[in-house]
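Survey of secondary and tertiary structure
Residues per chain are reported as follows:
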Amino acid sequence: RGMKRSVKELEGIHQGEDIWVLGCASSMKYMSASFFEGRTVIGVNRIYEIFPCQYVVGKDLIRRDLHHNHKLVLSARRCGAGKGQQIENGLDFDQDWYCFEHFPNQHIGIDWDALDQSDKLIVSYSTITSAMHLACRMGAAAVFMCGIDSGFLDGELRYTEQPNGYDSFLKDSLPTNLRVRDVLREHYGTAFHLVSPFLGFDLEGHKFEPLLPRTEK
């Protein structure tokens, strides 16, 4: 039976490296799994079922069939749960797993004090922000993000199965994702880059529809 360990043990473990963070948006359909082999990869939720991930981050991830070659980084309590409502993550895992504490999850507001508490990660409506924070805590020089489309690609939002109401969830989470990226970049000095499987902004003929109106710069 595995032991629960603190996420603070992962601090600086990949100092100066590039770290890849994988979401589950539709563009992942055009990424090759072999591309990520040998890289330091943090997968969000169930993307590990398709792409090789060294780490898997989840707030509500309580599946018992995770493979042993993944290092699990799991929330201490369910998404949105209050203090004292502990998640049952890890009870049946054979391997050790890493636990991160967090302040009460909020869809809009972020408690930025988590930046300076080594046993905590930022949480928001989307788990992607916890993965971004973990990469920074690990010491990433640059974070390369894949599968973060922020809209419909050829009419689809996700590569993996899309739950009901996902479009509303994503629309609500996008502004917070950008804000977290900006704060992490300033706080840690980490560079963030979005990786596309296509050559050029015409997306090689694929149709993209943003969920939110385009912001002019």
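Per chain, the residues get numbers from 1 upward, laid out in the order the sequence is written. Given that this is a predicted model, residues contribute local features only at a pLDDT of at least 70 and side-chain atom pairs are listed and counted only at 80 or more, while totals for whole chains, interfaces and linings are drawn from all residues. Only hydrogens and water are set aside when side-chain values are computed; all heavy atoms of the structure are taken into account.

Helix and strand labels come from DSSP, where a helix needs a run of H or I of at least four residues and a strand needs a run of E of at least two; each type is numbered from the N terminus. Residue count minus one, scaled by 1.5 Å, sets the expected span of a helix. Here helix H2 (residues 166-188) spans 31 Å end to end across 23 residues, near enough to the 33 Å set by a 1.5 Å rise per residue. The bend at a residue is defined as the angle formed between two axes, one fitted to the seven residues ending at that residue and one fitted to the seven starting there. Its maximal kink placed at Ser 173, H2 deviates by approximately 35 degrees, while the proline Pro 175 follows within four residues. Where H2 is buried, its residues meet helix H1 (128-137) and strand S9 (191-194). Positive backbone phi, approximately 75 degrees, marks Gly 189, located one or two places after H2. By definition, residues are in contact when any of their heavy atoms lie within 4.5 Å.

Another point: the pairing of strand S7 (residues 142-146). Among the five residues in S7, five count as buried, and that is most of the element. Three labels apply to residues, based on accessible area from a 1.4 Å probe with only protein chains included: buried if under 20% of the type maximum, exposed if over 50%, partly exposed otherwise in between. By the alternation rule, side chains of S7 split into Ala 142, Phe 144 and Cys 146 and Val 143 and Met 145, which are all buried. Paired strands, as defined in this entry, are two strands with at least two bridges between them according to DSSP. Looking at chain direction, strand S2 (residues 18-22) and S7 are connected through five bridges and run parallel. The residue of S7 that forms the bridge with Asp 18 is Ala 142.

Our next topic: the nonpolar core. Side-chain atoms within 4.5 Å link the members of a nonpolar core, which is a set of buried Ala, Val, Leu, Ile, Met, Phe, Trp, Tyr and Cys residues. Leu 10, Val 21, Ile 42, Val 73, Leu 134 and Leu 184 are the most contacted members of the largest nonpolar core, which totals 31 residues. Counting residues per element, the ones that place at least two in this core are S2, strand S3 (40-44), strand S4 (55-58), strand S6 (97-100), H1, S7 and H2. Examining the composition of this core, we find that six residues originate from one element, H1, more than from any other. Setting aside its immediate chain neighbours within four residues, Ile 42 contacts Ile 19, Trp 20, Val 21, Leu 22, Tyr 55, Val 57, Ala 131, Leu 134, Ala 135 and Met 138. Grouped together as the second largest cluster of nonpolar side chains are 26 residues, Ile 47, Val 56, Leu 72 and Leu 157 included.

Our focus in this paragraph is the sheet that holds strand S5 (residues 71-75). Spatial ordering of the open sheet is given by S1-S6-S5-S4-S3-S2-S7-S9, a layout of eight strands whose pairing is parallel. If you trace the sheet from one side to the other, it starts and ends with strand S1 (4-6) and S9, each paired once. Neighbour-to-neighbour, the strand axes of the sheet open up by a mean angle of 25 degrees, direction not taken into account. For S2 and S3, the ladder comprises four bridges, and the chain directions are parallel. Counterpart to Leu 22 in the pairing with S3 is Gly 43. Helix axes are fitted to C-alpha atoms over the stretch in contact, other axes to C-alpha atoms as well, and angles between N-to-C directions run from 0 to 180 degrees. Contacting S2, S3, S4, S5, S6, S7 and S9, H1 runs over the sheet at an angle of about 160 degrees to S3.

The next point concerns the confidence of the model for the protein chain. Counting all residues, the mean pLDDT for the protein chain is 85, and 84% of those residues have values of 70 or more. The spread of mean pLDDT over the elements of the protein chain runs between S5, the lowest at 84, and S2, the highest at 98. Per-residue confidence from the prediction method is given by pLDDT, with values spanning 0 to 100. Low confidence marks residues 80-84, where pLDDT is under 50. Its contacts with residues over four positions away, or in another chain, come to four contacts.

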